[in-house]
Amino acid sequence: MKRLLCHMLALCLLLAGCAPSKSPHGLDAARIQADTEYLCREIGDRPTGTEKESAACDWLEKQLTEMGFSSQTGSLARVPFPGLFELTSENLIATCNPGAEGPILCVMAHYDSVEGSPGARDNASSVAVLLELARYLGPAREDLQGEIRLLFLGSEENGYHGASAYVKGLSEAERKRHLAVFNMENSAASPGEGAILTCGTLGGITDGTYQEGNFLEPMPNLASRTLSQAYEAHYGRGPLPVFHRGMSDHVIFHEAGIEAANISWRFLDSDGLMTVPPEYHLPSDVPETMDFEGGAVTGECIIGALEALVGQ
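Residues numbered from 1 in each chain as written. Predicted model: local features only at pLDDT ≥ 70, side-chain atom pairs only at ≥ 80, totals over all residues. Heavy atoms only, no water.

*Asks:* Describe in detail the packing of aromatic side chains, supporting the description with residues and values.
*Replies:* Within the structure shown, the criterion is met by 3 aromatic pairs. Each ring, one from Tyr166 and one from Phe253, has its centre 5.9 Å from the other, and the planes form 35°; the classification is tilted. Here Tyr166 is found in helix 5 (residues 161-168), whereas its partner Phe253 is found in helix 8 (residues 250-255), with 87 residues between them in sequence. Like Phe253, Tyr166 is buried. Their ring planes at 50° and their centres at 5.6 Å tell us that Tyr231 and Tyr235 sit as a pair that is tilted. (Phe/Tyr/Trp six-rings, centres within 6.5 Å; stacked < 30°, edge-to-face > 60°. Helix = DSSP H or I, 4+ residues; strand = E, 2+ residues; numbered from the N terminus. Buried < 20%, exposed > 50% of the residue type's maximum accessible area, 1.4 Å probe, protein only.)

*Asks:* Which residues make up the packing of helix 3 (residues 51-66) against helix 4 (residues 120-137), and what are the values?
*Replies:* Close contact between helix 3 and helix 4 brings their axes to 10 Å; oriented N to C, the two are set at 20°. On the basis of their axis angle, the class for helix 3 and helix 4 is roughly parallel. Relative to helix 4, helix 3 is oriented so that their crossing is right-handed. From helix 3, Trp59, Leu60, Gln63 and Leu64 reach across to helix 4, where they touch Val127, Leu131 and Ala134. Here the contact of helix 3 with helix 4 is built from residues that sort into 6 nonpolar, 1 polar and no charged. (Axes fitted to C-alpha atoms, helices over the stretch in contact; angles between N-to-C directions. Parallel < 35°, antiparallel > 145°, perpendicular 65-115°, else oblique. Left-handed = near helix turned anticlockwise from the far one by under 90°. Contact = heavy atoms within 4.5 Å. Nonpolar A, V, L, I, M, F, W, Y, C, P; charged D, E, K, R; others polar.)

*Asks:* How would you sum up the packing of helix 4 against helix 9 (residues 293-310)? Please name residues and give values.
*Replies:* Between helix 4 and helix 9, whose axes approach to 10 Å, the crossing angle comes to 45°. As judged from the angle between their axes, helix 4 and helix 9 are oblique. In this structure, helix 4 crosses over helix 9, and the sense of that crossing is right-handed. Residue-level contacts link Val129, Leu133, Tyr136 and Leu137 of helix 4 to Gly295, Gly299, Ile302, Ile303, Leu306 and Glu307 of helix 9.

*Asks:* Give a detailed account of the nonpolar core, specifying residues and quantitative values.
*Replies:* With 63 residues, the main nonpolar core has Leu64, Phe152 and Leu227 as its most contacted residues. It is helix 4 that contributes the most residues to this core, 10 residues altogether. Once residues lying within four places of it in the same chain are set aside, the contact partners of Phe152 are Leu60, Leu64, Glu90, Asn91, Leu92, Ala109, Tyr111, Val127, Leu130 and Leu131. Ile93, Leu202, Phe253 and Ala256 belong to the second-largest nonpolar core, a separate cluster that totals 19 residues. (Core = buried A, V, L, I, M, F, W, Y, C linked by side-chain atoms within 4.5 Å.)

*Asks:* Describe the environment of Ser171, with residues and values.
*Replies:* Within the secondary structure layout, Ser171 lies in the loop between helix 5 and helix 6 (172-177). Overall, Ser171 belongs to the partly exposed group, its relative accessible area being 35%. For the pair Ser171 and Ile252, spaced 81 residues apart in sequence, the C-alpha to C-alpha distance is 16 Å. One polar contact links the side chain of Ser171 to the main-chain amide nitrogen of Glu174, over a distance of 3.1 Å. (Polar contact = N/O pair within 3.5 Å; in protein donor to acceptor, adjacent residues only side chain to side chain.)

*Asks:* Tell me about unusual backbone geometry, residues and numbers included.
*Replies:* With an omega of 20°, the peptide bond running from Asp122 to Asn123 counts as cis. With respect to the helices and strands, Asn123 occurs in helix 4. Of note, Asn186 is a non-glycine position whose phi angle comes to about 50°, a positive value. Mapped onto the secondary structure, Asn186 falls in the loop between strand 5 (178-184) and strand 6 (195-201). Residue Asn186 is classed as buried on the basis of its relative accessible area, which comes to 3%.

*Asks:* Describe helix 3, with residues and values.
*Replies:* The first and last C-alpha atoms of helix 3 sit 23 Å apart over 16 residues, in line with the 22 Å expected at 1.5 Å per residue. Buried residues of helix 3: Glu53, Ala56, Cys57, Trp59, Leu60, Gln63 and Leu64, and no others. Projected down its long axis, helix 3 carries its buried residues within an arc of 165°, all on one side. Structural note: helix 3 exposes Glu51 and Glu66 on the side pointing more than 90 degrees away from its buried face. Buried-residue contacts for helix 3 involve helix 2 (29-43), strand 1 (76-82), strand 2 (88-96), helix 4 and strand 4 (147-153). Remark: Gly68 follows helix 3 within two positions and exhibits a positive phi of approximately 105°. (Expected span 1.5 Å × (residues − 1). Arc of directions from axis to C-beta.)

*Asks:* Describe the pattern of salt bridges, with residues and values.
*Replies:* One pass over the full model with this rule turns up 17 salt bridges. Ionic pairing is found between Arg121 and Asp285, a salt bridge with its closest N-O pair at 2.8 Å. Of this pair, Arg121 sits in helix 4 while Asp285 sits in the loop between strand 11 (274-275) and helix 9, placing them 164 residues apart in sequence. Like Asp285, Arg121 is buried. With a shortest N-O distance of 3.0 Å, Asp143 and Arg141 are connected by a salt bridge. Here Arg141 falls in the buried class, since its relative accessible area comes to 18%. Members of the salt-bridge network, linked through shared partners, are Asp28, Arg31, Asp35, Glu132 and Arg135. (Salt bridge = Lys/Arg side-chain N within 4 Å of Asp/Glu carboxyl O.)

If you want it as structure tokens, here you go:
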């Protein structure tokens, strides 16, 4: 079984390839890098319920306000919730086309980090990609027929509390309108051989009902399929390999019966096994060791998926 898995993963690497450089929608890898560096250097580690986590939320709110998102128009909301040990964290929700009829799509990234790590991969660079998507989308897009919610989530590292607070706050009608959720973690690439863009899912809708996948039979869903189609269309590579993988905020949406996929850069190690970058959760998880073109690729795949689902 291990040998078969190694062969399958090696094939995935050949099909998906390393990070292409072109950016069809003009996402800026340099801005993604600059925002990652600010979070990691100016703020630093951002554990749940700390002043640094709150400072990161303050900074993100300022960036989004400058892009035109506003609480007055319903396109920006800052929502506190109890996290680990009842420590207060906050979700920041920027919405493109607030109040629009039709489906709701979510793109999300958590902005907290583990204590002692600046968290460039986990998860500042994903937050920076989400900011770049906010710049591209803005508060209103007539060419997209739905409501797109950009979720900057707190308190992920100790139990997905931000995602749980968001889902618990949904009405039943809102929950049913959620068509697909795209979760970013480790979403900008590290340099070197073996870097591969992947999707992690836990289940999806089959024959009108939500079903759970498993390790031996990972289940592609609407989110992972549209991401893969966008990757193939934009870069001529793919399909994106799909793995049965939790360990991030998409778990909560899976538990609510909402189709979600985690898009992330992983590595094939010398044994052909999939791994996270070696700097994961360590003080060495710093921007200097990253390839931010990979973050632009991730963002482009998400835009392509959004356009496929709610574009005119």
